[in-house]
Amino acid sequence: MDDEFILEGLKNLILVKTGIKTITPADCKRISIEISKNLNKNVSETTIKRLFGFAVAKHNFSKFTITTLSEYVNRESSGNWIPPTTVPMDMSSLNWTTIRTRASRISDFTLRGIKNRSGMPYHMTVSRKFAEHDFDDFLKSKYNFNAFISQPGYGKTILMSHLADKFFTTETGSNKDSTLLFLQASTFINKEHTFISFEDQLKSLLGIHPKENLIGYIDNNYKATKGKFVIFLDGFSDITLKRDLKKQLFESIINFICTLENVETIKMVMSMRSTTWTRFHEMIRHSAYLKSKWFPGNYFNPSEISNVPELTEKEIDMIISKMNHSAMQELSPKLKAQLKFPFHIQLYYQLKEEEPQINYSTNITFHELISRFIQENIYRSNYYTEKILFLKKLIQLTNYGKMSDSVPKDNLISELSAFKNAYMELLSDGILMEEKRFEDFHPREFVRFIHPHIFEYFLFIELLEKFHLQVDFDFFAYIQSAFECSNIRFQLLQWTIRFIVRIGDFKSLKHIFQLGLDQFELNYLILFIAENLKYRSKYSPDTIRLLKEHELHEVIIAELINFDLVDSSYKESITLLADVSDSVEHRSIYIALLTVLDILSLDEDKITARIAELKSFHPTQWVVNPHEATKLIYAKLSNKPVERSQLLIDIQSLNPEFLNHGRAFNTQTGISYLFAILLSSFYGNQEFTVNIVKTIAQIHPYVFSKRSPFSIFMLSIMGVCKAQFAPGQKTDQLENILFNLHQNKTRFKTTQYSFYILKMMQAYQLQTNGNLTQAIQYCEECIQVFKRNQLNMNCLLMYNLLISIYAELNSYTKVNEFKYERLCFMEERKISNQILALTKETKSC
């Protein structure tokens, strides 16, 4: 027992001295070398591993080992560390100033240890506002004790250290007349692992004579100042005791609380995991007095057994801004939502340290965080084999996630018996939790994962084993059908993509595109694939070779023909895919698509940069040379002289036959047609754009007969043009056809961009039919979407229509209002006034 206590203290002090926050087996070698350098004595790496539980301890540690380790930690820190000792009976009482100094020195040592062992630099952490308000309310109340309760990873220890700094230890502390005594729970365990009374142990630490009445002593010293004596008690999760010994510790604390009675000068604040609090609360729940002295806080959630909420968005912004001043602007809302769990902030920091540019839009970062969380808390923990076996059984009992995410505890009786220690650690470490439910008015205990994403991870692992690690079409089809009506389906698809990219089996990714996903899901998963490919390329130089070998770029490029330009995933995925392209041909397609987006943004600087990029690509591979087309459009935008070319002659002759090239339809030809339509917008007229679409339909009748996303997009462009220059019965029929296509989403794949092109058409049609109020509504909806996606050309068209409608209504106040709004919009985006004359004639895209 004596050795166990000493070793526990030595472990903590070694970590504080070396500045190690989370120890790994690799650190043991470093510690061994440091001991050898400092003391010229040898403690082997294996011995250090045995000390920290990374190797099996088949025998007790020798006296030489314990003495050497004690000498190592005491060389610098023995003057600061105050171990729990019994004060001699003849000790004289000290004056209160000396006692406050002792308490301050103990608290400072505890705080220094917390800050040095923080999972991320302490200066990057923030004080929790809810805790400040709760603690302030508690200090002013008649309650005697409080506890910050949550699952592991909510930052309770850091939370308490910030409270100590704010309220007590800093010069600006708001409770200068109060005294803080910040202790670890291990302080109340003596060498024999027996417990003396809580009050006597406090006297021992503070140097108060054993015969002195601690409560009366403190009360008398604070009546004049109205200050408080506040005890912070942390570190319950760090002590490894048998259940009966921990129960004695709780009883010792409870006895001390009972002796306080109506004393308001002594306050106690503890931090406990939900499982620890459950055991503590079980010992006080039958005492009306003790329950009346407990301050539960303003955020107590009895179902979750927690009063520590997740981080707020403002708190996340503060932490991220401390990590990297520019990261806050780049952080995606989806990732920010995941970082509400404080432990994920710590893991995110570690990722940022390894990969400073990691800041992706989809869930790739979160999947990395979850993977690290599982590595830290399961695969690198004690009993990891038993834990994995237990979690496998838990997943199987949920019928692989199809029945529920929880299992009745009585269905796990044999596993609970076989893996008792592993199960208790899974509860303590915040992986699993127990909850009571009532079935037929009878209580029944259930076991479930606390975090749904950890459940999804292990469900994916189990499904992999069920399919013998074969990620083929059957695997994808099973996920798609078995979880059709569940949110788990999409998460499992992402875990599968991550796994495939990690092992380099890119050919299996092709099955994703055979599942019949809707356009939004498909765009999102293409972006997720692109992000994983780029992330992999940083540490696996064979990524480009594998992409070429499995022809993945060809498969993805075929899916980009939908031209869903208002889906942010679409543009972001193209940008990333261009970075990992395996040939000039593939890169030229990606850059051409990005050029289309830049033209629609009317950003002359971006267009100039694209012209330079496009110059290096071979023009004979294109029906319409993107480089030449972009130069012509830029000349029009910047009001510069235009060089005569065959392409410009074809456009100005209003003869679309130059498009009849006799080639098979693919994404590259589709992009060429889009450039032809853009050129028509700047150099042709509305009727010519309609003729271009008709010519494309004649060249590729099969594409248009399928009502593919591309054909619906082309028909939408035709519709918005016809609504302006040829309103009438045929245009009305086209509007009805397009409307029905967009309504029947189960049969036809449509994109959001096509939908808003249709909205533009409807706005023009409504103006023609005199339904001006609804036309205004449609214009404003389009402007909002186009602004968000930098489709400034479309935006100006809707501004022009809006101004025209208000002029028709003789509402010149509104006309002037939207003219001014349009002007501000153009100035903000640095759009030349030259474009106004063009957009009055422009009608497509």
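Residues numbered from 1 in each chain as written. Predicted model: local features only at pLDDT ≥ 70, side-chain atom pairs only at ≥ 80, totals over all residues. Heavy atoms only, no water.

K.L.:
How should the overall build of the chain be read in this particular structure?
P.N.:
On a plain count of helices and strands, the chain comes out with 41 helices and eight strands. Seen through its principal axes, the chain has C-alpha atoms that stretch 110 × 65 × 65 Å. When contacts within the chain are restricted to residue pairs at least 6 apart in sequence, long-range pairs at least 24 apart make up 71% of them. Taken as a whole, the chain presents about 37,500 Å² of accessible surface, with 49% of it coming from carbon and sulfur. The chain carries 98 positive and 93 negative side-chain charges, and their two centres are separated by 2 Å. (Helix = DSSP H or I, 4+ residues; strand = E, 2+ residues; numbered from the N terminus. Contact = heavy atoms within 4.5 Å. Areas by Shrake-Rupley, 256 points an atom, 1.4 Å probe, with all protein chains shown as cover. Lys, Arg positive; Asp, Glu negative; His and termini not counted. Charge placed at Lys NZ, Arg CZ, Asp CG, Glu CD.)

K.L.:
Mind showing me how you'd approach the side chain of R829 here?
P.N.:
When you line up the elements, R829 lands in the loop between α40 (812–828) and α41 (834–839). Here R829 is in contact with K787, Q790 and N792, once residues within four sequence places are set aside.

K.L.:
Please explain the sheet that holds strand β2 (residues 179–184) as it appears in this structure.
P.N.:
Within a beta sheet, neighbouring strands are joined by backbone hydrogen bonds and run either parallel or antiparallel to one another. One open sheet accounts for five strands, arranged β2-β3-β4-β1-β5; its pairing is parallel. Two strands close off the open sheet at either side, each with one partner strand: β2 and β5 (294–295). Along the sheet, helix α5 (residues 96–116) makes contact with β2 and β3 (229–234), crossing β2 at roughly 45°. (Pairing = 2+ DSSP bridges. Axes fitted to C-alpha atoms, helices over the stretch in contact; angles between N-to-C directions.)

K.L.:
Please explain the pattern of salt bridges as it appears in this structure.
P.N.:
Two side chains bearing opposite charge may form a pair once their charged atoms approach each other closely. A full pass over the atoms with the stated rule returns 32 salt bridges. Between D542 and R536 there is a salt bridge; the shortest N-O distance is 3.0 Å. Of the residues examined, R536 reaches a relative accessible area of 5% and is grouped as buried. Here D598 ties to R610 by a salt bridge, and the two come within 2.6 Å at their closest N and O atoms. Of this pair, D598 sits in helix α28 (residues 584–601) while R610 sits in helix α29 (residues 604–614), placing them twelve residues apart in sequence. Across the pair, R610 and D598 agree in class, each one buried. (Salt bridge = Lys/Arg side-chain N within 4 Å of Asp/Glu carboxyl O. Buried < 20%, exposed > 50% of the residue type's maximum accessible area, 1.4 Å probe, protein only.)

K.L.:
Even after reading the chapter, I still don't get the nonpolar core, so can you show me in this structure?
P.N.:
The tendency in soluble globular proteins is for nonpolar side chains to be buried side by side. Membership of the largest hydrophobic core comes to 219 residues, with the highest contact counts inside it found for F135, F232, L432, F449, V624, L659 and F786. In contact with F232, not counting residues within four places along its chain, are F135, M160, L163, A164, F168, L180, L181, F182, L183 and V269. Grouped together as the second largest cluster of nonpolar side chains are 42 residues, F229, I231, M270 and M272 included. (Core = buried A, V, L, I, M, F, W, Y, C linked by side-chain atoms within 4.5 Å.)

K.L.:
Hey, could you run me through the pairing of β2 in this one?
P.N.:
Each regular strand displays side chains that alternate between the two surfaces of the sheet. For β2, a buried count of five out of six residues is recorded, marking the element as mostly surrounded by other parts of the structure. Sheet topology places β2 next to β3; six bridges connect them, and they run parallel. If you follow L180 over to β3, its bridge partner there is V230.

K.L.:
Help me understand the packing of aromatic side chains in this model?
P.N.:
Two aromatic rings, taken as a pair, are described by how far apart their centres are and by the angle between their planes. Going through the model one piece at a time under the given rule, you end up with 41 aromatic pairs. Each ring, one from Y535 and one from Y539, has its centre 5.9 Å from the other, and the planes form 80°; the classification is edge-to-face. Pair noted here: Y535 and Y539 are both in helix α24 (residues 519–539), with a separation of four residues, about one helical turn. For Y535, a relative accessible area of 11% translates into the label buried. An aromatic cluster is present here, built from F145, F236, F250, W277, F280, W294 and F300 joined pairwise through their rings. One residue, K267, lies across the ring of F138, its end atom 5.0 Å from the ring centre. A cation over a ring is seen here: K466 above Y400, with NZ or CZ 4.6 Å from the ring centre. (Phe/Tyr/Trp six-rings, centres within 6.5 Å; stacked < 30°, edge-to-face > 60°. Lys NZ or Arg CZ within 6 Å of the ring centre and 35° of its normal.)

K.L.:
Looking at this structure, I do not really get the pairing of β3. What am I missing?
P.N.:
When you tally the buried positions in β3, you get six out of six residues, the bulk of the element. Along β3, one buried face is formed by F229, I231 and L233 and the opposite face, lined by V230, F232 and D234, is buried too.

K.L.:
Would you explain the environment of D542 in this entry?
P.N.:
Along the polypeptide, D542 turns up in the loop between α24 and α25 (543–550). By relative accessible area, which is 26% here, D542 ends up partly exposed. Separated by 38 residues in sequence, D542 and G504 have C-alpha atoms that sit 8.8 Å apart.

K.L.:
Help me out: how do you make sense of the sheet that holds strand β7 (residues 432–439) in this one?
P.N.:
Spatially, the three strands line up as an open sheet ordered β6-β8-β7, and their pairing is antiparallel. Since the sheet does not close on itself, it has two edges, and those belong to β6 (406–408) and β7, each with one partner. Strand-to-strand twist of the sheet, defined as the mean angle between neighbouring strand axes without regard to direction, takes the value 35°. Sheet topology places β6 next to strand β8 (residues 442–449); three bridges connect them, and they run antiparallel. Bridge pairing in β8 links S406 to R448. Packing of helix α18 (residues 384–397) onto the sheet brings it into contact with β6, β7 and β8, and relative to β8 it is tilted by some 120°.

K.L.:
Help me understand the packing of helix α21 (residues 452–466) against helix α22 (residues 473–482), please; the structure alone is not making it clear to me.
P.N.:
The relative placement of two packed helices comes down to the angle between their axes together with the axis-to-axis distance. Relative orientation of the contacting elements α21 and α22 amounts to 135°, with a least axis distance of 11 Å. On the basis of their axis angle, the class for α21 and α22 is oblique. Remark: the crossing between α21 and α22 carries right-handed chirality. Of the residues in α22, those touching α21 at F460, L463, L464 and K466 are F475, Y478 and I479. Looking at the contact of α21 with α22, its residues break down into six nonpolar, no polar and one charged. (Parallel < 35°, antiparallel > 145°, perpendicular 65-115°, else oblique. Left-handed = near helix turned anticlockwise from the far one by under 90°. Nonpolar A, V, L, I, M, F, W, Y, C, P; charged D, E, K, R; others polar.)

K.L.:
Sorry, what's going on with the packing of helix α38 (residues 772–788) against helix α39 (residues 792–808) here?
P.N.:
The N-to-C vectors of α38 and α39 enclose an angle of 155°; their axes lie 9 Å apart at closest approach. The orientation of α38 relative to α39 falls into the category roughly antiparallel. Seen along the crossing, α38 lies across α39 with a hand that is left-handed. Of the residues in α39, those touching α38 at L772, A775, I776, C779, E780, C782, I783, F786 and K787 are N794, C795, M798, Y799, L801, L802, I805, Y806 and E808. Per-class residue counts for the contact of α38 with α39 are 14 nonpolar, one polar and three charged.

K.L.:
Before we go on, may I ask you to explain the environment of T275 in this structure?
P.N.:
Positionally, T275 belongs in helix α11 (residues 274–284). For the pair formed by T275 and E425, sequence separation is 150 residues and the distance between their alpha carbons is 10 Å. Not counting chain neighbours up to four residues away, the residues in contact with T275 comprise L427 and S428.

K.L.:
Where do I start with helix α23 (residues 488–503) in this structure?
P.N.:
Each turn of an α-helix holds 3.6 residues, which means side chains three or four residues apart point in the same direction. An ideal rise of 1.5 Å per residue puts 22 Å on 16 residues; α23 measures up with 23 Å between its terminal C-alpha atoms. With its phi angle positive at about 80°, G504 sits one or two positions after the end of α23. (Expected span 1.5 Å × (residues − 1).)

K.L.:
Even after reading the chapter, I still don't get the confidence of the model for the chain, so can you show me in this structure?
P.N.:
Residues shown with low pLDDT carry predicted positions that ought not to be read at fine detail. Looking at the chain, the pLDDT average stands at 85 and 91% of residues meet or exceed 70. Per-element mean pLDDT across the chain ranges from 50 in helix α14 (residues 327–330) up to 95 in α38. Confidence drops under pLDDT 50 across residues 841–845; counting only partners more than four residues distant or on other chains, this segment forms 30 contacts. (pLDDT = per-residue confidence, 0-100.)

K.L.:
Mind showing me how you'd approach unusual backbone geometry here?
P.N.:
Positive phi values are uncommon outside glycine, yet E551 reaches one of about 55°. Its place among the elements puts E551 in the loop between α25 and α26 (552–559). Given the relative accessible area of 44%, E551 is considered partly exposed. Located in the positive-phi region is N639, a residue other than glycine, with phi close to 60°. For N639, a relative accessible area of 57% puts it in the exposed group.

K.L.:
Explanation requested: the environment of K393 in the structure shown.
P.N.:
Locating K393 in the fold gives a position in helix α18. Each C-alpha atom, one on K393 and one on M403, is 14 Å from the other, the two residues being ten residues apart in sequence. Once residues within four sequence positions are removed from consideration, K393 is found in contact with L412 and E415.

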